[in-house]
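# Chain and residue survey
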Amino acid sequence: MLIRQDYAYLPSSEITSESVYQERRALMKLAASAAVLAGSPLLAALGPYQKKSSSLELTPYEQITTYNNFYEFSTDKESPARLAKKFKTRPWTLTVGGEVQKPQTLDIDTLIKQIPLEERIYRFRCVEGWSMVVPWVGFSLASLLKLSGLTSKSKYVEFETLFDPAQFPQQNRTFGTIPFPYREGLRIDEAMHPLTILAVGLYGNELLPQNGAPIRLVVPWKYGFKSIKSIVKITLKETQARSTWHEAGPREYGFYANVNPAVDHPRWSQARERVLGKFFKQDTLAFNGYAKEVAHLYKGMNLLTFF
Ligand SMILES: Nc1nc2c(c(=O)[nH]1)N[C@H]1C(S)=C(S)[C@@H](COP(=O)(O)O)O[C@H]1N2
Ligand SMILES: [Mo]
């Protein structure tokens, strides 16, 4: 059973811009019912989706779930949906450890019941030059990190994807792909920012494996590779978190990876983007359109150096 509440997501002192959350934000309290855990609808009570929600036009579910970057399955974008069909997302545990007061091992379903879910409609921009608009279901990363208690040494957050070569064919390779397990990281202020979420669903339903089930990061102002999928481990660190793509090609992929139309990737321009399903390209926005909310995090930093 799902209970819907209208929800002013945060005290307005923390975030003022209405553009960020769009109209369909909602907080859902999930009843501890077997139906929720067994079935896929997470936010079924939201009702039918409209293609357009104020300024953002939702990318069709079909596109979001069939055009994927998920290197553990394949380096092309059409195969993950097929290869991920039998991916086991239960049982699934997520550990939160390192520089925290209380290290924890959390069962995914317990977590989903414990933390209220909400919907966030975000732009999503891949460094390769394509983009989409996704109605995610999830909760703020901050709400999870607070459960573990931060300390003065919690300066970075490192995330790790499951390592399981029996399920991820590409993890059996030693070259011709990226090093696994896939890792990504954020600075603590980025991690605690209210726009940063852990997603467990999209379009009101549980995530499909190709989109990073059962739980993945979404940082809407950064290039998509930061939004790591199928997370099993979160480690708070005093030193900079690891980043698979940054380590693989530091000149091409910065640790910060903030969407920036003024800083080109060595092999392609970042000025414009192709929205999935659209013919014409559109201009890419600074911080992917979230500058008002996040630009202050990078004040005084040279964005050409810290790209
Ligand atoms: N573990 C893991 N996470 C990952 C990736 C990956 O290959 N493995 N690809 C990243 C990249 S490059 C992008 S653009 C997004 C794609 O997310 P989507 O398939 O849900 O659109 O996932 C990111 N997270
Ligand atoms: Mo990407």
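Per chain, residue numbering runs from 1 following the sequence as it is written. Chain labels run from A onward and ligand labels from 1 onward, assigned in the order the entries are written. This being a predicted model, a pLDDT of at least 70 is required before a residue's local features are given, and a value of 80 or more before pairs of side-chain atoms are given or counted; all residues contribute to the totals for chains, interfaces and linings. Heavy atoms throughout the structure, all of them, feed into the side-chain values; hydrogens and water do not.

## Description of the pattern of salt bridges
- Every case where a carboxyl oxygen of Asp or Glu lies within 4 Å of a side-chain nitrogen of Lys or Arg is listed as a salt bridge. Counted by the stated rule, this structure contains 15 salt bridges.
- In this structure, R125 and E273 form a salt bridge, with 3.1 Å as the shortest nitrogen-oxygen distance. Placement of the pair is R125 in strand 7 (residues 117-125) and E273 in strand 15 (residues 272-275), with a sequence separation of 148 residues. Note on accessibility: R125 and E273 belong to one class, buried.
- The partner of K226 in a salt bridge is E184, and the shortest N-O contact between them spans 2.7 Å. Of this pair, K226 sits in the loop between strand 13 (216-218) and strand 14 (231-237) while E184 sits in strand 10 (residues 183-187), and the two are 42 residues apart along the sequence. For the pair K226 and E184, a shared accessibility class is recorded, and that class is buried.
- Within the structure, one salt-bridge network assembled from shared partners comprises K51, E57 and K278. Every helix listed is a DSSP run of H or I at least four residues long, and every strand listed is a run of E at least two residues long, numbered separately from the N terminus. Burial classification: accessible surface area is computed with a 1.4 Å probe over protein chains only, and a residue below 20% of its type maximum counts as buried, one above 50% as exposed, and the rest as partly exposed.

## With respect to the packing of aromatic side chains
- Aromatic pairs are defined between Phe, Tyr and Trp rings, using the six-membered ring for Trp, whenever the two ring centres lie within 6.5 Å; interplanar angles under 30 degrees are classed as stacked, those over 60 as edge-to-face, and all others as tilted. As enumerated under the stated definition, the model contains 21 aromatic pairs in all.
- With a centroid separation of 5.6 Å and an interplanar angle of 90°, the aromatic rings of Y61 and Y203 are classed as edge-to-face. Taken together, the residues Y61 in helix 2 (residues 61-64) and Y203 in the loop between strand 11 (197-202) and strand 12 (205-206) connect sequence positions 142 residues apart.
- Using a relative accessible area of 30% as the deciding quantity, one classes Y61 as partly exposed.

## Structural notes on empty space enclosed by the protein
- Using protein atoms alone on a 1 Å grid, points that fit a 1.4 Å probe yet trap it form a cavity, whereas open point sets bounded by protein on both sides within 12 Å along at least five of seven lines form a pocket; residues with an atom within 4 Å of a point count as lining. Grid points are joined across faces, edges and corners, and a volume is the space filled by probe spheres set on the points. For the structure on display, the rule yields one cavity of 30 Å³ or more.
- Each pocket or cavity is described by its volume, and for the largest cavity that value is around 40 Å³.
- In terms of lining residues, the largest cavity is bounded by N258, N260, V263, L303, F306 and F307.
- Among the residues forming the lining of the largest cavity, the class breakdown is four nonpolar, two polar and no charged. Throughout, the ten residues Ala, Val, Leu, Ile, Met, Phe, Trp, Tyr, Cys and Pro are labelled nonpolar, Asp, Glu, Lys and Arg are labelled charged, and all others, Gly among them, are labelled polar.

## Observations concerning the pairing of strand 10
- Burial of strand 10 is extensive: five of the five residues sit out of reach of the surface.
- A two-sided burial pattern is seen for strand 10, the buried positions comprising R183, G185 and R187 on one face and E184 and L186 on the other.

## Topic: the sheet that holds strand 5 (residues 93-98)
- The mixed open sheet is built from five strands, whose spatial order is 6-5-14-9-10. Only two strands of the sheet have a single neighbouring strand rather than two, namely strand 6 (104-107) and strand 10. Across the sheet, the mean angle from the axis of one strand to that of its neighbour is 15°, orientation sign disregarded.
- The pairing of strand 5 with strand 6 spans four bridges and is classified as antiparallel. Should DSSP find at least two bridges between two strands, the strands are taken to pair. Between N-to-C directions, angles span 0 to 180 degrees; the directions come from axes that are lines fitted to C-alpha atoms, helices contributing only their stretch in contact.

## Quick notes on the side chain of S230
- Looking at the secondary structure, you find S230 in the loop between strand 13 and strand 14.
- A relative accessible area of 0% places S230 in the buried class.
- Ignoring sequence-local partners within four residues, the contact set of S230 consists of F70, F87, W92, E160, T161, L162, G212, A213, I215 and R216. Two residues qualify as a contact provided that any one of their heavy atoms is within 4.5 Å of a heavy atom in the partner residue.

## Examining the site of ligand 1
- Definition of nearness: a residue and a molecule or strand are near each other if at least one heavy atom of the residue lies within 4 Å of the molecule or strand. Every one of the 19 residues lining ligand 1 counts as a neighbour, but N68, Y71, E72, T161 and K229 are closest to it.
- Identification of polar contacts relies on pairs of N or O atoms within 3.5 Å, with a donor-acceptor requirement for protein atoms, meaning one able to donate a hydrogen and the other able to accept it, and with residues adjacent in sequence counted only if both atoms are side-chain atoms. E72 has a polar side-chain atom sitting 2.8 Å from a nitrogen atom of ligand 1.
- Within the complex, the protein chains bury 98% of what would otherwise be the 530 Å² of accessible surface of ligand 1.
- Its residues assigned to classes, the shell around ligand 1 shows nine nonpolar, seven polar and three charged. Computed by Shrake-Rupley with a 1.4 Å probe, the accessible areas treat only the displayed protein chains as cover when residues are assessed.

## Notes on helix 5 (residues 141-148)
- Along helix 5, the positions that sit buried rather than exposed are L141, A142, L144, L145 and S148. Take helix 5 and look down its axis: the buried residues cluster within an arc of 160°, on one side only.
- In the segment just after helix 5, G149 is the residue with positive phi, at about 75°. By arc we mean the arc of the directions from the helix axis to the C-beta atoms, nothing more.

## Section: the nonpolar core
- Throughout, nonpolar core names a set of buried Ala, Val, Leu, Ile, Met, Phe, Trp, Tyr and Cys residues whose side chains join them through atoms within 4.5 Å. Residues W136, L141, L144, I215 and I234 are the most contacted members of the largest nonpolar core, which totals 81 residues.
- If you tally residues by element for this core, the top one is strand 8 (residues 130-140), at seven residues.
- Not counting residues within four places of it along the chain, the set of residues in contact with I234 comprises L94, T95, V96, G97, L141, L144, L145, V157, E158, F159 and L198.

## Digging into the environment of P261
- Turning to its location among the elements, P261 is positioned in the loop between helix 7 (244-248) and strand 15.
- Sequence separation between P261 and L285 is 24 residues; the distance between their C-alpha atoms is 6.4 Å.
- If we skip the residues at most four places from it in the chain, P261 touches Q270, A271, T284, L285 and A286.

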